[in-house]
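So you can see what is in the structure, the chains are spelled out below.
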Amino acid sequence: MQKRKHLLVLGLVAVLAVVLLNLPAGAAARLKLALGSLFLPLFGLAGATGHTAGKLGDAVTPRSDLVRELETLRRENGELKVRVAEKEAIERENARLRDQLAWATQSGWKLRPARVIARDPANWWRTVFIDAGSHHGVAPDMPVLTSDGLVGRVASVGLLRSQVVLLGDPACRVAAMVKESGENGFVSPMPAHLADNRFVVLNYLTRAAAPKAGQAVVSSGVELKPGQTVLSSGQGGVFPNGLLIGQVVDTRTVGHGLYTEARVQLAVNLNAIEEVWVLLQ
Amino acid sequence: MKGLHTIAILGAAFLTVFIEAQPGGVRHRLGVQVDLLPALVVYAALTADLATVTLLAVFGGLWFDSLSANPFGISILPLFVAGVVIQRNQELVLRDQAYARVVLGLLASSFVPVTTFLLMSGTSAKPIVNAGTLWQWLVMTIAGGLFTPVWFWCFGRLRRLFSYPTMPEHLYRRDRVIKRPRRI
């Protein structure tokens, strides 16, 4: 009798799991967001607690430290003001030249700040939740970045929160290029045997005959070297060009010598991100 | 009391999922997020009925998946199978012994992620599997095993808070026998 009861319940749970797993993607995403929104009060509470703790910490910071920090910030502010003025002059010149050549003008970036409120509890994904959703103008596939560089893209959007897929997740592939050579490839997770979440791989770089053994030369004739900068190339349509991804660490030949791939150290420490910017436009 | 116990277990599952999704903490230090739901399933399977184990597997799994990139509902079956197998054999387990709890916690915490992985291989999801996965699985197993007795301790404390204190047995009994030394 007891065994039959166990088997019956097991059958019911198995049917429920199969039904849920076979839901259409849109319905499953909506259900996920609805169920996940139960946690919103707790996320809010955790955020408020952190904020209060931070304020308490501020209250006990010595005045001398604050004065020193204020001085540093003033100096930095002065430098940035000069750079902004310089950039504005370049922008004006750029706009004038574009106008003369009848090129389409580029619109400026519209950024929305957001706070990371949760990380994926499973170890086999790299996603985070941010406290900005469709209510704040966030939409799927929008790039997410910090002042250090690219972080990932928005995967799904709720009213007040969104899920962001981080670089290095199989669901976040970025068309990228090496700044120094202009060589294009795309960024994907590290191969299974070289796991480290600080790195990604820039692959499908073309390969040319190297003058010396051990050199990785791309078709443009430029040698790939450690320290070279990797930026988003703007191809693919999701990420605009020029977003910093990281730096080349080393290179190797793959695909029976057909192409080269570079190990790239990410510019952003994805384990420690707290605040991000969503690129709305 | 039985209903309260079920609610307490579900509440613990909800809080566990929330804490596991918090940035920083253990994940930041070890590079692994420890999953305590299998350990909670062991506790529920040894102390509660089948309905509670089922509710815990369904809601715990759904809450977990709602904050994860997992396919929705994938975590239900591994948690439920672990719970049902232990629940069916709970009379054979020395459930008051800490080592038995640790062993069951180890088994459940190693079984659940592996089964979730196997189930996921049948879907379109492509989780990150690499050399670090083995390390993650090992840490999850050990932490889950060690935390199982902690769940028993926490719920024991909670039960004591909500139940009347047990009175010590009175010395007076109707069938008491008074032994007196024989008079000479």
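How each quantity is defined
- Residues numbered from 1 in each chain as written.
- Chains lettered and ligands numbered in written order.
- Predicted model: local features only at pLDDT ≥ 70, side-chain atom pairs only at ≥ 80, totals over all residues.
- Pairing = 2+ DSSP bridges.
- Helix = DSSP H or I, 4+ residues; strand = E, 2+ residues; numbered from the N terminus.
- Axes fitted to C-alpha atoms, helices over the stretch in contact; angles between N-to-C directions.
- Domains from an automatic or database assignment.
- Nonpolar A, V, L, I, M, F, W, Y, C, P; charged D, E, K, R; others polar.
- Parallel < 35°, antiparallel > 145°, perpendicular 65-115°, else oblique.
- Left-handed = near helix turned anticlockwise from the far one by under 90°.
- Contact = placed C-beta atoms within 7 Å.
- Expected span 1.5 Å × (residues − 1).
- Buried ≥ 20, exposed ≤ 12 C-beta atoms within 10 Å, placed from the backbone.
- Arc of directions from axis to C-beta.

*Asks:* Looking at this structure, how should I read the sheet that holds strand β1 (residues 111–119) of chain A?
*Replies:* Hydrogen bonding along the main chain pairs the strands of a sheet, whether they run parallel or antiparallel. Residue and element names in this part refer to chain A. If you walk around this closed barrel you meet the six strands as β1-β2-β5-β4-β3-β12, and the pairing is antiparallel. Taken over all neighbouring pairs, the strand axes of this sheet differ in orientation by 45° on average, direction set aside. Note: β1 against strand β12 (residues 275–279), five bridges, orientation antiparallel. Bridge assignment links P113 to a residue of β12, and that residue is W277.

*Asks:* It is not clear to me how the domain arrangement of chain A should be interpreted in this structure. Could you clarify?
*Replies:* Reports of interface size often rely on the accessible area that becomes lost once the parts have come together. Residues and elements named next belong to chain A. Looking at the assigned domains, one finds that chain A contains domain 1 (61–101), domain 2 (111–170 + 271–279) and domain 3 (174–268). Only β3 (143–146) and β4 (149–157) provide two or more residues apiece to the side of domain 2 that touches domain 3. In terms of residues, the side of domain 2 that touches domain 3 owes the most to one element, β4, which gives four residues. Of the residues contributing to the side of domain 2 that touches domain 3, the split by class is seven nonpolar, four polar and four charged.

*Asks:* How do you make sense of the packing of helix α3 (residues 37–47) of chain B against helix α7 (residues 131–162) of chain B when you look at a structure like this?
*Replies:* Any two packed helices are characterised by the angle at which their axes cross and by the distance between the axes. All names here are of chain B. Where α3 contacts α7, the two axes come as close as 8 Å, and the packing angle between them is 50°. Judged by the inter-axis angle, α3 sits oblique to α7. Along this stretch, α3 crosses α7, giving a crossing that reads as right-handed. When α3 is examined against α7, the residues P38, A39, L40, V42 and Y43 are found in contact with a partner set consisting of G144, F147, T148, W151, F152 and F155. Grouping the constituent residues of the contact of α3 with α7 by class yields nine nonpolar, two polar and no charged.

*Asks:* Teacher, can you tell me more about the pairing of strand β10 (residues 244–254) of chain A here?
*Replies:* Pairing geometry for strand β9 (residues 229–232) of chain A and β10 of chain A, over three bridges, is antiparallel. Residue L231 of chain A lies in a different strand from β10 of chain A, and its bridge partner there is L244 of chain A.

*Asks:* Quick question: what am I supposed to make of helix α1 (residues 2–21) of chain A here?
*Replies:* In this model, α1 of chain A (20 residues) spans 29 Å end to end at C-alpha, consistent with the 28 Å of a helix rising 1.5 Å per residue. Within α1 of chain A, burial applies to V13, A17 and L20 of chain A. Across the axial projection of α1 of chain A, the buried residues extend over an arc of 65°, all falling on one side. In α1 of chain A, the exposed residues that point more than 90 degrees away from the buried face are R4, L7, L8, G11, V15, V18 and V19 of chain A. Those residues of α1 of chain A that are buried lie in contact with α4 (50–66) and α5 (76–88) of chain B.

*Asks:* How should I be thinking about the packing of helix α2 (residues 25–36) of chain A against α4 of chain B in this particular structure?
*Replies:* Here α2 of chain A crosses α4 of chain B at 105°, and the two axes come no closer than 8 Å. By the angle class used here, α2 of chain A and α4 of chain B are roughly perpendicular. Taken together, the residues of α4 of chain B that come into contact with α2 of chain A (itself represented by K32, L35 and G36 of chain A) are L62, W63, D65 and S66 of chain B. Here the residues of the contact of α2 of chain A with α4 of chain B sort into three nonpolar, two polar and two charged.

*Asks:* Got a minute to help me understand the sheet that holds strand β8 (residues 199–206) of chain A in this structure?
*Replies:* The strand order β6-β7-β8-β11-β10-β9 (chain A) describes a closed barrel built from six strands, whose pairing is antiparallel. Each neighbouring strand pair of the sheet contributes to a mean axis angle of 40°, computed without reference to strand direction.

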